[in-house]
Amino acid sequence: MRHRRLSALPRSYRFSLPRSTLRRRLRSLRAARALLAAVGFAGLGIAPVDAAAAATGVSPLPFRREVIDASIRIGYGLAIADVDGDGREDLLLADAREIAWYRSPDWQKTVIARDLTTKDHVCIAARDLDGDGRAEIAVGAGWNPGDTVGSGAIFFLERPTDAAQPWTPRALPHEPTTHRMHWIDDGRGAPLLAVLPLHGRGNRDGAGAGVKFLGYRWLANGSVATAAEEIDATLHLTHNFEPPSPGSADHELLVAAKEGVHALRPSGGGWARRQVTSHPAGEVRRGRASDGSGFIATIEPMHGHQVVVYPQGQDAERVVLDESLVQGHGLATGDLLGRGHDQIIAGWRGNMVGPPTPVGIRLYAATTASATRWELVGAIDDNTVACEDLRVADLDRDGDLDVVAAGRASRNVVIFWNERVPARRASATPR
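Caption draft 1: Inspection of unusual backbone geometry at higher detail. In this chain, serine 104 is followed by proline 105 through a cis amide linkage whose omega measures 5°. For proline 105, the location among the structural elements is in the loop between strand S5 (98–103) and strand S6 (108–114). Residue proline 301 follows glutamate 300 across a cis peptide bond; omega there is -20°. Tracing the chain through its elements places proline 301 in the loop between strand S20 (294–300) and strand S21 (306–311). The phi torsion at threonine 177 lies on the positive side, around 55°, for a residue other than glycine. Tracing the chain through its elements places threonine 177 in the loop between strand S10 (168–172) and strand S11 (178–184). Residue threonine 177 is classed as buried on the basis of its relative accessible area, which comes to 0%. Positive phi, normally seen in glycine, also occurs at glutamine 312, with a value near 55°. Relative to the helices and strands, glutamine 312 is located in the loop between S21 and strand S22 (319–322).

Below, the structure is given as structure tokens:
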């Protein structure tokens, strides 16, 4: 198995100089610093470099940061959907004690549910299922990963006449440690609410019974079936999953688990499973290379330090892009740079205990058509969002994908507006 990683600093970059030369250069640097202190960057006609990015050696990218909420508690899960039916995509958040949505384009916050369980809310799924242009919403709660018997909860939220009023929660049967959910299409009629717990019932230390990955069918009367359909029950430490690509013929899911990434697709009256990768993973997304082939991106292991890509979904072609993350917890793919192929966006939240560590969001791009070689392009965020979750979408409808992230320790929700093409800023939807 070949494991390739980003090149280290070439030996030619390492050099030594005579002490006299070093002294002269040090005097020059001190003089330059004094000049900058006196007149500033503007006085010299120089655009300042982001100090944190300069300190880490990662260049900032052309994204403008806008904080839309600076007082959340955790920011467990984000979703993007049109809540009020005005044709614009809104943001939704599953926070510890609140379920809220932020109205586009002014991002006014509306709380639609509070304290659904004594333990935290943990995930959210939002999508228009009945074609009326307004999203249906489901949430997961009762979050306690240490309780693999009595924790967890699933609610379908019934919409009021006015979407700004409280929504009515309807509880669904659930397995312990409810953790991630998506509305998916499985080719069998109405959409399915797919709900993935973190642990199997009664598990200890990630061992024991397999996780029961269940689905709840959307019904014609506008509710959700209480009888669950089993998708899989074989994996452990299933931290996240990627829903089927829109319009895909095989309706294949990707699950990140202790046993690696596994693909699940409808087969007969059930689901067939195949192993894709062998390394434990916590996050997984699929992407498209410039030659038309696919790739799989992961963060490894769960809450891990590595950003990894598998060209054409081949375990033997594993490429490690970064090994410096601390508690990697957010992952997305998309063509943010307008290059005609998907890039990888990864965020991390930093130490959960002990001294704080730098946090951020980085973007990586393939340098070959088949996505076998990659580079770290730069930082979307440098140490302002302790990334718990992130999503990409064209929120201002200017043709470029923007990034939205929720920060745990930073307690914020931030939109990073993609301004790679300045001429598009004036034509974007007013915010």
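From this point, the discussion proceeds with the structure in view.
Caption draft 2: Representation of the side chain of histidine 329 in the model. Structurally, histidine 329 is set in strand S23 (residues 328–334). Here the side chain of histidine 329 touches arginine 349 through a polar contact of 3.3 Å, side chain to side chain. Setting aside residues up to four positions removed in sequence, histidine 329 forms contacts with Arg180, His239, Glu283, Ile299, His303, Gly347, Trp348, Arg349, Cys387 and Glu388.

Caption draft 3: Region of the structure containing the sheet that holds strand S2 (residues 63–69). Spatial ordering of the open sheet is given by S2-S29-S28-S27, a layout of four strands whose pairing is antiparallel. What marks the edges here is a single partner per strand, and that holds for S2 and strand S27 (387–393). The average undirected angle you get between the axes of adjacent strands in this sheet is 20°. Here S27 runs beside strand S28 (residues 402–407); their pairing, made up of six bridges, is antiparallel. Within S28, the residue paired with leucine 390 across the bridge is alanine 405.

Caption draft 4: Seen up close, the sheet that holds S10. If you walk across this open sheet you meet the four strands as S7-S8-S9-S10, and the pairing is antiparallel. Taken across any chain shown, the strands that pair with only one partner, and hence form the sheet edges, are strand S7 (123–127) and S10. Adjacent strand axes in the sheet meet at a mean angle of 25° when their direction is disregarded. Relative to strand S8 (residues 136–141), S7 runs antiparallel, the two being bridged by five bridges. The partner of alanine 125 across the bridge, within S8, is alanine 138.

Reading guide: rules and limits
- Residues numbered from 1 in each chain as written.
- Predicted model: local features only at pLDDT ≥ 70, side-chain atom pairs only at ≥ 80, totals over all residues.
- Heavy atoms only, no water.
- Helix = DSSP H or I, 4+ residues; strand = E, 2+ residues; numbered from the N terminus.
- Buried < 20%, exposed > 50% of the residue type's maximum accessible area, 1.4 Å probe, protein only.
- Polar contact = N/O pair within 3.5 Å; in protein donor to acceptor, adjacent residues only side chain to side chain.
- Contact = heavy atoms within 4.5 Å.
- Pairing = 2+ DSSP bridges.
- Axes fitted to C-alpha atoms, helices over the stretch in contact; angles between N-to-C directions.

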